[in-house]
Amino acid sequence: MCGIIGYIGTKKASPILINGLLRLEYRGYDSAGISTVEKNGLSIMKDKGRVKNLYNLKGIDDLDGTIGIAHTRWATHGKPSKENSHPHMDNSKSFSVVHNGIIENYNELKNFLKGKGYNFYSQTDTEIVPNLIHYYYSKDSNNDKYRVLRAVQSACKDIKGSYAFEIISKYMPNNMIVVRKDSPLVIGKGDGENYVSSDIPAILSFTKDFYLLNDNEFAFLSKDNIEFFDINLNKIDKKIDSIEWNASAADKNGFEDYMLKEIYEQPSAIRETIGSRLPENEPCNFEDLNFSKEFLSSINKMYIIACGTAMHAGLTGKYVIEQLCNIPVTVDIASEFRYRNPIIDKNTLCIFISQSGETADTIAALKLSKSKGATTLAISNVIGSSITREADYSIYTHAGPEIAVASTKAYTSQVTLLNILAIYFAEVLESTSKDIITKFKKEILELPAKVEEALKCSDDIKDFSKKIYQEKDVFFLGRGVDYNTALEASLKLKEISYIHSDAYAAGELKHGPIALIENDVTVISVITDENLVEKTISNIQEVISRGAKTLVISSLELPSNNIDFVINIPHTSVFLSPIVSIIPFQLLSYFISKEKGLDVDKPRNLAKSVTVE
Ligand code: F6R
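Quick caveat: nothing in here was measured; it's all calculated off a predicted structure. (Residues numbered from 1 in each chain as written. Predicted model: local features only at pLDDT ≥ 70, side-chain atom pairs only at ≥ 80, totals over all residues. Heavy atoms only, no water.)

1. What about the overall build of the protein chain?
Then comes step 1: Looking only at helices and strands, the protein chain features 18 helices and 25 strands.
Then comes step 2: A globule of 613 residues ought to have a C-alpha radius of gyration of about 25 Å, and the protein chain, at 26 Å, matches this closely.
Then comes step 3: In terms of its C-alpha atoms, the protein chain occupies a principal-axis envelope of roughly 85 × 55 × 45 Å.
Then comes step 4: Within the protein chain, buried positions represent 62% of all 613 residues.
Then comes step 5: Here the analysis covers contacts within the protein chain between residues at least 6 apart in sequence; of these, 71% occur between residues at least 24 apart.
Then comes step 6: For the protein chain, the computed accessible surface area is about 23,800 Å², with 47% contributed by carbon and sulfur atoms.
Then comes step 7: Across the protein chain, the centroid of the 69 positively charged side chains sits 5 Å from that of the 79 negatively charged ones. (Helix = DSSP H or I, 4+ residues; strand = E, 2+ residues; numbered from the N terminus. Rg over C-alpha atoms; globule rule 2.2 N^0.38 Å. Buried < 20%, exposed > 50% of the residue type's maximum accessible area, 1.4 Å probe, protein only. Contact = heavy atoms within 4.5 Å. Areas by Shrake-Rupley, 256 points an atom, 1.4 Å probe, with all protein chains shown as cover. Lys, Arg positive; Asp, Glu negative; His and termini not counted. Charge placed at Lys NZ, Arg CZ, Asp CG, Glu CD.)

2. Description of unusual backbone geometry
Then comes step 1: Going from His86 to Pro87, the amide bond is cis rather than trans, its omega being 0°.
Then comes step 2: By the element assignment, Pro87 lies in the loop between β4 (67-73) and β5 (88-89).
Then comes step 3: The backbone of Asn281 shows a phi angle near 55°, a positive value even though the residue is not glycine.
Then comes step 4: Relative accessible area serves as the criterion here: at 79%, Asn281 is assigned to the exposed category.

3. Quick notes on the packing of aromatic side chains
Then comes step 1: Going through the model one piece at a time under the given rule, you end up with 24 aromatic pairs.
Then comes step 2: Where Phe291 meets Phe425, the ring centres are 6.2 Å apart and the plane angle is 25°; that geometry is what we call stacked. Residue Phe291 is found in the loop between α6 (266-274) and α7 (293-298), and its partner Phe425 is found in helix α12 (residues 409-429); the two are separated by 134 residues along the sequence. No difference in accessibility class separates Phe291 from Phe425, as the two residues are buried.
Then comes step 3: Between the aromatic rings of Tyr590 and Phe591, the centroid separation amounts to 5.4 Å while the plane-to-plane angle is 70°, which identifies the pairing as edge-to-face.
Then comes step 4: Residue Phe591 is classed as buried on the basis of its relative accessible area of 10%.
Then comes step 5: Among the aromatic residues, ring-to-ring pairing joins Phe286, Phe291, Phe295, Tyr393, Tyr424 and Phe425 into one connected group.
Then comes step 6: Here the guanidinium or amino end of Arg147 rests over the ring plane of Tyr137, the centre of that ring lying 3.9 Å away.
Then comes step 7: Here Arg604 stacks its cationic end above the ring of Tyr498, 3.8 Å away from the centre of that ring. (Phe/Tyr/Trp six-rings, centres within 6.5 Å; stacked < 30°, edge-to-face > 60°. Lys NZ or Arg CZ within 6 Å of the ring centre and 35° of its normal.)

4. What about the pairing of strand β3 (residues 41-48)?
Then comes step 1: Across eight bridges, strand β2 (residues 31-38) lies against β3 in antiparallel orientation. Paired with Ile34 across the strands is Met45, a residue of β3.
Then comes step 2: Count of turn residues in the β2/β3 antiparallel hairpin: two residues. (Pairing = 2+ DSSP bridges.)

All we've got here are geometric facts, nothing functional implied.
Laid out in structure tokens, this is it:
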């Protein structure tokens, strides 16, 4: 997905911008570019392809400007090409703009500008922006220092859609303007210099002090100062936020790939998620939540809404909340939820899960729930992300930056947090006995060690990956929460190994999917629930008798049978088991991807944070 970097200070901007873009590569992109303010006007260097290609562009070393904007593009309007890459300039080459988001009424605005004599050279929606700014700038006769800002504000009033813009201009050679609506943008404050980015990790090595822009807020930056304005250009004060993440936490730390590093970080990520939320002999402590018994008793229905892996985490959330709190929970895919008419009212609690906190569908679903009167609670990994600013309440997974596109540690942290949240609700509601809760808390505290133990299956999994990496189809089976794990395992495999896979609730097999089972097809099952072990085993026998090759991941003693491979993992209580049982599957996808020589961290066609619909 598109990424944004900006720099304003006293150092040469171009290397800082390119380095920042390299840090954004994990988001996925198809082209990159920078624009700087030079003595003789604005420069633009851009091309399709990798960020590092920018180093080879003729003239890049001659750029001396100390103010600049930069962008990685992930095509939405127009194919990946040099012309469609950002930054974009207006016809008079006075304004340079980068943009994340989508301008919905760009055709209408383009026709308007064409009527005024403007020409267009790209297929993008963004190219209208510098021209629209030029149009309003030309109409303003007041030549004070905010003339460009007023032009930007007028342009924003015309634009429908989502955007984070960075704007530089030859008419304000010592300033930069940024504004956002429904697309992420942060400003990092340095000493005599300031940074802008769509992602905090990209500029974490420069500063830990950030201003988080809200929708429709403008920032007017110089190297020493940042002025903030609301939608009507009234000055506003903003408080600075300090981010605890360490810049080195965003590096690979000696691992070959970010994904492997993040898989191995899970014991510590889960420890961070638990944090001080489970104090000994005391109720669960969520410093950011203060739900009363009266409020929670008024909730007669919950929704958990998310996309992809985060939605799979939500599936286990449903099991545990329903069991401990006796409140019905529906899990919904955000992109489906937002386009139907969900039955929601003030007695509904809607929980939104998003690692990035910037997923467009999840944010839209949140806004819809709020408009229908529900109480909204965001679970995110990114402090200050859009979802957390929209929601009534926010809690964080604290898993640290997740860079690899395929989500691993965010998932296990989300499932951990949902379990703790269920305990919190149950304690407030007094809906589960103290003994059960005490036992459950103890199991949560043991999770990091169990995940550590599960990681030891790495060599066996690597061997197995060598046997199946050339397969065309792989099937995953599970029952109960093990079905949730099967779904997540299947998604992981598809994403990074490009092998077709499907996950089925084991009991569904004979209602159709078993028709796909033939000689030598690989079927991988997960069994962690002692109440369901026999049922799943009999489904496995059904596929064995049709010639399938079988692997079972299990935390239980299995009845002796003719399964081809069994990998044992530590046992834990049923609602926590997806946290432990997903580990071999994450490793399996990783090793298969490596065996196939694929780019594990940046799988094709995927983006880390899906900020457009
Ligand atoms: C899968 C994956 C995606 C994300 C999904 C939601 O490995 O990474 O399925 O889980 O795009 O992203 P967030 O959690 O940022 O809302």
